[in-house]
Structure formats: structure tokens, C-alpha cells
Amino acid sequence: MKNSILFASVLFLFACGTSKNKDMQDANEPMMVTATIGEGKMEDQPASVDNIKIKGNVLTMDVTYENACSDEQIMVLGSAAIMKSMPPIRNVIISRVKGSSNCANFITKKVTVDIKALAEKQESGSEIWLQIAGVRDKVKYVYE
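What comes next is a walk through the structure. (Residues numbered from 1 in each chain as written. Predicted model: local features only at pLDDT ≥ 70, side-chain atom pairs only at ≥ 80, totals over all residues. Heavy atoms only, no water.)

The mixed open sheet is built from four strands, whose spatial order is S1-S7-S4-S3. The sheet is open, and its two edges are formed by strand S1 (31–34) and strand S3 (48–55), each paired on a single side. The mean inter-strand angle of the sheet, taken between neighbouring strand axes irrespective of direction, is 30 degrees. Bridge count for S1 against strand S7 (residues 103–114) is four bridges, and the pairing is parallel. Bridge pairing in S7 links Met32 to Thr112. (Pairing = 2+ DSSP bridges. Helix = DSSP H or I, 4+ residues; strand = E, 2+ residues; numbered from the N terminus. Axes fitted to C-alpha atoms, helices over the stretch in contact; angles between N-to-C directions.)

This brings us to the nonpolar core. One finds Met61, Val113 and Ile115 to be the most contacted residues of the largest nonpolar core, which totals 26 residues. Elements with a contribution of two residues or more to this core: S1, strand S4 (58–69), strand S5 (73–83), strand S6 (89–97), S7, strand S8 (127–132) and strand S9 (139–142). In terms of residue count, S4 provides more of this core than any other element does, five residues in total. Apart from residues no more than four positions distant in its own chain, Ile115 is found in contact with Ala35, Ile54, Asn57, Val58, Leu59, Leu130 and Tyr141. (Core = buried A, V, L, I, M, F, W, Y, C linked by side-chain atoms within 4.5 Å. Buried < 20%, exposed > 50% of the residue type's maximum accessible area, 1.4 Å probe, protein only. Contact = heavy atoms within 4.5 Å.)

Further remarks concern the side chain of Arg96. Residue placement: Arg96 occurs in strand S6. A distance of 3.3 Å separates a polar side-chain atom of Arg96 from the backbone oxygen of Glu66. (Polar contact = N/O pair within 3.5 Å; in protein donor to acceptor, adjacent residues only side chain to side chain.)

Quick look at the structure:
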């Protein structure tokens, strides 16, 4: 009898551990979003944005949030106003819609963004600097 209770307890603990690891893998899967032009809330900025790369019309980055949940959504919003320079500069914010499950102190997500909407002109070769809030350096984007 003791052996069957011990076996059931050990089996239960391993089953819980496996489920938790699966949830953490889901939190780390790449998230696909499409950038839009519009206004957003600056109060919900990420703790950090790292590893920013642009290839073609796609921007990839690692976004880390404090007090984050695995089911929250990331939004990338570009300002409608463009600063006149050569090439022009567009302010961009990264915001989130908080989720409600599998919350942790910090969650880092790889985010892939279709950034076509952030171009000054949607024609091949059109250049613009993206000034992402919370990121020190601007990122140059050439529409393809």
C-alpha cells in the first residue's frame, strides 16, 4: 500500500514538472505581429528590447517584460508624424495587452514584426530611420 502511494506521488510530481516545462516552451515560441500606424500607451514599455535586426520588410527582436504572462500580445505602433530629415525618422513604441495565465517575474519573447506600414513610402528603396522607444540607437529600414 505504501509503495503504491509513493509511486502515485512521484508520478504526480513528474507530471506537474513536465506540464510546467511545456508552458515555458510555449512562452518562448516566436510571436508574429504586424506593425501599424497609431497612438499607444507609453506606460507599458518593455523592460528591454535586444537583438534588433531587419531583413527585408521584417524586424526581429527579443522583448523582455517584467510581471509578464505567456498569453499577452505585443503591439508595434508607429507615429503618424514623421520627423523631416534625410532619411526621415519615425517614432515607434512597443506595447502590450496583458494576459492572464502563466505569469512570471520576467518573460523574454522573440518577436517578428512585418514593418511595411512603418515605411514613409511603400515603394522599393524608400528609406526611414525607426526610433524605437527604449532603444538607444535608431534602426535604418529600407522598404523592399
